[in-house]
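Here is what each chain is made of, one letter per residue.
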Amino acid sequence: MRIGVLGTGNMAEALATQWVRAGHEVAVGGRDAGRAEALAARLGDGVRGGGLREAAEFGEAVLVALPYGAGEEVVRGLAAVLAGRTLVDCANPVGPGFRLLTEGGPSAARRLADAAPGAHVVKAFNLCHESVWRLEPPVFGGRPLAVPVCGDDEVALARVRTLVADLGCTPFAGGGLDRAGLLEATAALFIHLWVGEGADVQAIAPPLD
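Residues numbered from 1 in each chain as written. Predicted model: local features only at pLDDT ≥ 70, side-chain atom pairs only at ≥ 80, totals over all residues. Heavy atoms only, no water.

(A) Here's a closer look at the packing of helix α4 (residues 70-77) against helix α6 (residues 108-115). At their nearest, the axes of α4 and α6 sit 8 Å apart, and the two run at 20° to each other. Considering the angle they form, α4 stands roughly parallel to α6. Crossing hand, α4 versus α6: right-handed. Packed against α4, whose contacting residues are Gly71, Glu72, Val75 and Arg76, the element α6 presents Arg111, Leu112 and Ala115 at the interface. By residue class, the composition of the contact of α4 with α6 is three nonpolar, one polar and three charged. (Axes fitted to C-alpha atoms, helices over the stretch in contact; angles between N-to-C directions. Helix = DSSP H or I, 4+ residues; strand = E, 2+ residues; numbered from the N terminus. Parallel < 35°, antiparallel > 145°, perpendicular 65-115°, else oblique. Left-handed = near helix turned anticlockwise from the far one by under 90°. Contact = heavy atoms within 4.5 Å. Nonpolar A, V, L, I, M, F, W, Y, C, P; charged D, E, K, R; others polar.)

Structure below.
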């Protein structure tokens, strides 16, 4: 699969690293093209680096690995390019005090969909710290990490399920894009418990017999 990555931060690098290892073609785009080129060089031969538009044009699936708010702005400017493509949103709209910044309004994923109405947005990869995505594979207690996936387009969902499986994880059907806000709220709660309280978040949902 051809994957465009918008962003040059830790999430972009962690996920792109695994997809390159899985044999996908990857192009990294950044607001700073030089940083994107440097990340592409670290990812390996054949990975392209450059501007945001180049990465968006390259990908059948396009990961938006940008801070909440910035992603919406970038996607709006690339709306024509992104039409018909799978747009993967991994952002967490969490602010000071672990507050959910979208409370009472559209989810971050819905805002991306509104900014690029021709794209097929899928919410995924937002529940874990970037260090988890660097594991080969992310397996805990003998169980592969489960990754909830929310979206409305079946082709886009199938693509993202493939990207999840290529990390060694198990995709879980999370429902339509209208449920993406639940994933974002869950992330806000988990971050508060994990970072703010030092709690073992995994203990919240013990495995069924």
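(B) Here's a closer look at empty space enclosed by the protein. Counting across every chain of the model gives two cavities of 30 Å³ or more. Taken together, Val64, Leu66, Pro67, Tyr68, Gly69, Gly71, Glu72, Asp89, Ala91, Ala108 and Leu112 make up the full set of residues lining the largest cavity. Of all elements in the fold, only α4 and α6 reach the threshold of two or more residues within the lining of the largest cavity. Tallied by class, the residues present in the lining of the largest cavity amount to seven nonpolar, two polar and two charged. The space that makes up the second largest cavity amounts to roughly 40 Å³. Residue lining of the second largest cavity: Phe125, Asn126, Leu127, Cys128, Trp133, Ala146, Val147 and Pro148, and that is the complete set. With three residues, the top contributor of residues to the lining of the second largest cavity is strand β11 (residues 146-151). Considered class by class, the residues forming the lining of the second largest cavity number seven nonpolar, one polar and no charged. (1 Å grid on protein atoms, 1.4 Å probe; cavity = no way out; pocket = protein on both sides within 12 Å on 5 of 7 lines; lining within 4 Å. Points joined across faces, edges and corners; volume = space filled by probe spheres on them.)

(C) Spotlight on the environment of valine 139. One can find valine 139 in strand β9 (residues 139-140). The exposure class assigned to valine 139 is partly exposed, which follows from its relative accessible area of 36%. With 29 residues separating them in the primary sequence, valine 139 and glycine 168 have C-alpha atoms 8.0 Å apart. (Buried < 20%, exposed > 50% of the residue type's maximum accessible area, 1.4 Å probe, protein only.)

(D) Inspection of the pattern of salt bridges at higher detail. In the structure shown here, the tally under the stated rule is seven salt bridges. Two residues, arginine 42 and glutamate 13, come together in a salt bridge whose shortest N-O distance is 3.3 Å. Within this pair, whereas arginine 42 is found in helix α2 (residues 33-43), its partner glutamate 13 is found in helix α1 (residues 10-21), the two being separated by 29 residues in sequence. What makes glutamate 13 buried here is its relative accessible area of 18%. With its nearest N and O atoms 2.7 Å apart, the salt bridge here joins glutamate 130 to arginine 134. Overlapping salt bridges, with partners in common, bring together Asp89, Lys123 and Glu184 in one network. (Salt bridge = Lys/Arg side-chain N within 4 Å of Asp/Glu carboxyl O.)

(E) Just helix α8 (residues 154-165), in detail. A rise of 1.5 Å per residue sets the reference length of α8, with its twelve residues, at 16 Å; its end C-alpha atoms lie 16 Å apart and thus fit the reference within 8%. When we look at burial in α8, the residues that qualify are Ala156, Leu157, Val160, Leu163 and Val164. Along the axis of α8, the buried residues cluster in a sector spanning 120°; they form a single face. Turned more than 90 degrees away from the buried face of α8, the exposed residues are Glu154 and Val155. Capping the start of α8, aspartate 153 holds a side-chain oxygen 3.2 Å from the backbone nitrogen of valine 155, two or three residues further along. (Expected span 1.5 Å × (residues − 1). Arc of directions from axis to C-beta. Polar contact = N/O pair within 3.5 Å; in protein donor to acceptor, adjacent residues only side chain to side chain.)

(F) Up close: the environment of threonine 162. Within the element layout of this structure, threonine 162 appears in helix α8. Residue classification places threonine 162 among the partly exposed residues on the basis of a relative accessible area of 35%. Each C-alpha atom, one on threonine 162 and one on aspartate 200, is 29 Å from the other, the two residues being 38 residues apart in sequence.

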